[in-house]
Amino acid sequence: MACVQVIIPCYNYGRYLHLCALSALSQTGVDVKVLIIDDKSSDNTPEICDKLSSEDARVSVIRHEVNRGHIATYNEGIGLTTSDYLVLLSADDLLIPGALARAAALMNHNPSVGLVYGNPISLYGSLLPRPRQDDTGWTIWSGRDWVERMCLTGKNFIVNPEVMMRTSVQHRLKGYKSSLPHSADMELWLRAAAISDVGHLNGADQAYYRIHEASMQRTVHAGYLYDLKARRDAFRSALEDPVCELSNIETLLENANRALALTALRHVFSILDAGRAESEPVGELLDFALDLYPEIKATRLWHRVQSALRAKSGPIPLSLAKLRTVMRKLDDRKQWRHWYRTGVY
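Basis of the calculations
- Starting afresh in each chain, residues are numbered from 1 along the sequence in its written order.
- Side-chain atom pairs in this predicted model are given and counted only at pLDDT of 80 or more, local residue features only at pLDDT of at least 70, and totals for whole chains, interfaces and linings cover all residues.
- Values reported for side chains reflect all heavy atoms of the structure, with hydrogen atoms and water molecules removed beforehand.
- The way it works is that DSSP assigns letters per residue, a run of H or I at least four long becomes a helix, a run of E at least two long becomes a strand, and they are numbered from the N terminus.
- Centres within 6.5 Å are what make two rings of Phe, Tyr or Trp a pair, Trp counting through its six-membered ring; a difference in plane orientation under 30 degrees is then read as stacked, over 60 as edge-to-face, and the rest as tilted.
- In this scheme, a residue with accessible area under 20% of its type's maximum is buried, one over 50% is exposed, and one in between is partly exposed, where area comes from a 1.4 Å probe on protein chains only.
- By definition, a salt bridge exists where a carboxyl oxygen of Asp or Glu is found within 4 Å of a side-chain nitrogen of Lys or Arg.
- The pairing criterion for strands is at least two bridges between them, as found by DSSP.
- All axes are obtained by fitting lines to C-alpha atoms, using only the stretch in contact for helices, and the reported angles, taken between N-to-C directions, cover 0 to 180 degrees.
- Oblique is the label for every angle not falling under 35 degrees (roughly parallel), over 145 degrees (roughly antiparallel), or within 65 to 115 degrees (roughly perpendicular).
- Here is the rule for handedness: rotate from the far helix to the near one, and if that takes an anticlockwise turn smaller than a right angle the crossing is left-handed, while a clockwise turn gives right-handed.
- We call two residues in contact when some of their heavy atoms are within 4.5 Å.
- Following the grouping adopted for this structure description, the nonpolar residues are Ala, Val, Leu, Ile, Met, Phe, Trp, Tyr, Cys and Pro, the charged ones are Asp, Glu, Lys and Arg, and the polar ones are all others, Gly among them.
- Helix span, as expected, comes to 1.5 Å for every residue beyond the first.

Participant: Got a minute to help me understand unusual backbone geometry in this structure?
Facilitator: A negative phi angle is the norm for most residues apart from glycine, just as the trans form is the norm for most peptide bonds. Not every positive phi belongs to a glycine, and Asn12 is a case in point at roughly 60 degrees. If you trace the backbone, Asn12 turns up in the loop between β1 (3-10) and α1 (14-25).

Participant: What is the right way to look at the packing of aromatic side chains in this model?
Facilitator: The final tally for this structure, using the stated rule, is six aromatic pairs. Between Tyr117 and Trp146 the ring centres are 6.0 Å apart and the planes differ by 65 degrees, which places this aromatic pair in the edge-to-face class. Remark: Trp146 occurs in helix α5 (residues 143-153) and Tyr117 occurs in strand β6 (residues 113-123); sequence separation between them is 29 residues. Relative to Tyr345, the ring of Phe157 has its centre 5.9 Å away and its plane inclined at 50 degrees; by these criteria the two rings are tilted. In this pair, Phe157 is assigned in the loop between α5 and β8 (163-166) and Tyr345 in the segment after α12 (318-342), connecting sequence segments 188 residues apart. Assessed through its relative accessible area of 1%, Phe157 is described here as buried. Pairwise contacts between aromatic rings join Tyr117, Trp146, Phe157, Trp339 and Tyr345 into one cluster.

Participant: What exactly am I supposed to notice about the pattern of salt bridges here?
Facilitator: Opposite charge on two side chains permits pairing when their charged atoms draw close. This structure, assessed with the given rule, holds 13 salt bridges. Across the salt bridge formed by Glu245 and Arg172, the nearest N and O atoms sit 2.6 Å from each other. Residue Glu245 is located in the loop between α8 (224-239) and α9 (249-273), and its partner Arg172 is located in helix α6 (residues 167-173); the two are separated by 73 residues in the primary sequence. Judged by its relative accessible area of 44%, Arg172 falls in the partly exposed class.

Participant: Where do I start with the pairing of strand β9 (residues 197-210) in this structure?
Facilitator: Consecutive residues of a regular strand have side chains that alternate between opposite faces of the sheet. Taken across its 14 residues, β9 has 13 buried, putting it largely inside the fold. Sheet topology note: the strand β5 (residues 94-95)/β9 ladder contains two bridges and is antiparallel. Its bridge partner being in β9, Leu95 is matched across the sheet by Ala207. Both β6 and β9 contribute to a ladder of nine bridges, which runs parallel. Its bridge partner lying in β9, Val113 is registered against Asp197.

Participant: What is the right way to look at the packing of α9 against helix α10 (residues 282-292) in this model?
Facilitator: Each packed pair of helices is defined by two parameters, the angle between the axes and the distance between the axes. The interhelical angle for the contact between α9 and α10, taken along N-to-C directions, is 155 degrees, at an axis separation of 8 Å. Here α10 runs roughly antiparallel to α9, going by the angle between their axes. Remark: the crossing between α9 and α10 carries left-handed chirality. Along the contact surface, α9 presents Asn257, Leu260, Ala261, Ala264, Leu265, His267, Val268 and Ile271, while α10 presents Val282, Leu285, Leu286, Phe288, Ala289 and Leu292.

Participant: Explain the environment of Ala238 to me, please; I cannot follow it from the model alone.
Facilitator: When you line up the elements, Ala238 lands in helix α8. Relative accessible area serves as the criterion here: at 2%, Ala238 is assigned to the buried category. Each C-alpha atom, one on Ala238 and one on Ala184, is 9.6 Å from the other, the two residues being 54 residues apart in sequence. Apart from the residues lying within four places of it in its own chain, the contact partners of Ala238 are Glu187, Leu190, Arg191 and Cys244.

Participant: Would you mind showing me how to read the packing of α10 against helix α11 (residues 300-310) here?
Facilitator: As a packed pair, α10 and α11 sit with axes 13 Å apart at the nearest point and diverge in direction by 155 degrees. Between α10 and α11, the crossing angle belongs to the class labelled roughly antiparallel. Like other packed secondary-structure pairs, α10 and α11 cross with a definite hand, here left-handed. Here Val282, Leu286 and Leu290 of α10 come into contact with α11, specifically with Trp302, Val305, Gln306 and Leu309. Classifying every residue of the contact of α10 with α11 gives six nonpolar, one polar and no charged.

Participant: Could you clarify how one ought to interpret α8 in this entry?
Facilitator: Two residues of an α-helix separated by three or four positions point the same way, owing to the 3.6 residues in each turn. The end-to-end C-alpha separation of α8 is 23 Å, in line with the 22 Å expected for 16 residues at 1.5 Å each. Along α8, the positions that sit buried rather than exposed are Leu225, Leu228, Ala230, Arg231, Arg232, Ala234, Phe235, Ser237, Ala238 and Leu239.

The structure is reproduced here in structure tokens:
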């Protein structure tokens, strides 16, 4: 039976921690161990940790005397892991029953796979949506193909709690980079795919990803431009890392730059459609796109944006704005459905 270490970093998420740990401890078909690292929480996290460790010998706890931050906490847990596989599970997220056994089975049958992920369910509030339970097999991507797909889209295919990694691969990568506080996870996935294959679990859902106002994505790491810059930094860091064994790095970086630039330009167009140019960083987004991909000036979308900027005297006619909004939503929905089925955009 495969041994899986679930690392739960926790900082002031005591209100979520008990259910998070139970979602890991209740997994069947694998030998589960849980390591909770309390990064000097000021809430009831220590009491919850004591209760969990006293009730279940599979739970161990580390309590920091000073707050070290999330990246250092992640890497501490990774460095202590000796199991076959590991899962990094934020204290506000949850695993879905059967998740660990499904992911471990894929890696047991495919030694070349270093990273496995499935579908996460966004969780708003306390009511858990019913997960898909039908296991319809898996898809194995060569790491090279998966990285190429990421670069062509400029997107991060993974949320986080739905991932299991082979511990030997994680140790070779030496964990997360503190220089990338917002996109260290995306950068790690890219580096993992540069040295191993990637597996996607089809059908059954793997984890609940909690959406709430206190999450870092809603506070210190908020903002569309911030996210685009973080993705840019992740691509550069991963592809230029010495561990990367891909031969076409220059082309991959060019593709990622182009994808991110076009994404920024599309966002500008949506801002202008909505008449929000005065309250959004339009100039910074345009500078970002030009810096990454100067040839963007020759695209039809660039000329449409420039025309809209010159004509800007307020929102565009409501009927046209609604039509464009509907078309964008339909396109986004189509992309989302493809990702939901396949794990890639």
